[in-house]
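Each chain is listed here by its residues.
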Amino acid sequence: MTSKENAKTIREELRRYFGKSSVSVTIGSGTARPWVHVSINIERPKDCDCISHPTYGLRNDCLACSHYRQSAVDTANMHIEILKQTKRIHLATYSQDDGFGNDHDCLLLQVRYA
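Residues numbered from 1 in each chain as written. Predicted model: local features only at pLDDT ≥ 70, side-chain atom pairs only at ≥ 80, totals over all residues. Heavy atoms only, no water.

Caption draft 1: Region of interest: the packing of aromatic side chains. If you walk through the whole model with that rule in mind, you get two aromatic pairs. In this structure, Arg-44 is placed above the aromatic ring of Tyr-113, and the distance from its NZ or CZ to the ring centre is 4.2 Å. (Phe/Tyr/Trp six-rings, centres within 6.5 Å; stacked < 30°, edge-to-face > 60°. Lys NZ or Arg CZ within 6 Å of the ring centre and 35° of its normal.)

Caption draft 2: Geometry of the nonpolar core. Core analysis: the biggest nonpolar cluster contains 22 residues, and Ile-10, Leu-14, Phe-18, Val-38 and Ile-40 have the highest contact counts within it. With six residues, helix α2 (residues 63-85) is the largest single contributor of residues to this core. Once you skip the residues sitting within four places of it in the chain, Val-38 turns out to touch Ile-10, Leu-14, Ser-24, Val-25, Leu-107, Leu-108, Leu-109 and Gln-110. (Core = buried A, V, L, I, M, F, W, Y, C linked by side-chain atoms within 4.5 Å. Buried < 20%, exposed > 50% of the residue type's maximum accessible area, 1.4 Å probe, protein only. Helix = DSSP H or I, 4+ residues; strand = E, 2+ residues; numbered from the N terminus. Contact = heavy atoms within 4.5 Å.)

Caption draft 3: Broad picture of the packing of helix α1 (residues 3-18) against α2. Interhelical geometry of α1 versus α2 gives an angle of 135° and a closest axis separation of 10 Å. Here α2 runs oblique to α1, going by the angle between their axes. Note that α1 runs across α2; the crossing there is right-handed. Judged by residue contacts, Thr-9, Ile-10, Glu-13, Leu-14, Tyr-17 and Phe-18 of α1 engage Ala-72, Thr-75, Ala-76, His-79, Ile-80 and Leu-83 from α2. (Axes fitted to C-alpha atoms, helices over the stretch in contact; angles between N-to-C directions. Parallel < 35°, antiparallel > 145°, perpendicular 65-115°, else oblique. Left-handed = near helix turned anticlockwise from the far one by under 90°.)

Caption draft 4: Expanded view of the pattern of salt bridges. Under the counting rule described, the total for this entry stands at three salt bridges. Residue Lys-84 pairs with Glu-81 through a salt bridge whose shortest N-O separation is 3.2 Å. Note that Lys-84 and Glu-81 are positioned in helix α2 at a spacing of three residues, about one turn of the helix. A relative accessible area of 22% places Lys-84 in the partly exposed class. Glu-81 sits in the partly exposed class, given a relative accessible area of 33%. Ionic pairing is found between Asp-105 and Lys-84, a salt bridge with its closest N-O pair at 2.5 Å. Taken as a pair, Asp-105 in strand β4 (residues 103-105) and Lys-84 in helix α2 lie far apart in primary sequence, 21 residues in all. (Salt bridge = Lys/Arg side-chain N within 4 Å of Asp/Glu carboxyl O.)

Here is the structure:
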């Protein structure tokens with residue numbers, strides 16, 4: 001399976017869940033392995049109080065937003081993991097130089113507020 005086929009499969013799966021205009025999946029270049037870049041735009045939750053929060057627009061979200069965003073990250077990771085387990089995609093991996101030989105997927109996932 002090529003990296004373009006992987007990206008297409010991931011895009012189709014995540015668009016079914018998050019909506020067509022919310023998901024972008026591209027292939028990174030410039031490294032020995034093809035990285036898959038996934039970007040998901042979500043709306044802020046209805047109980048968000050970030051606008052009245054002194055750190056609005058900074059990295060710190062209100063509690064409702066941080067939980068909502070983490071839920072979207074977990075959901076996207078779950079869908080990608082299911083695609084891997086059912087052999088519908090195969091992502092390149094890299095080994096972290098931590099002395100343990102742990103392999104990680106060449107996948108960058110970004111969830112942000114629209």
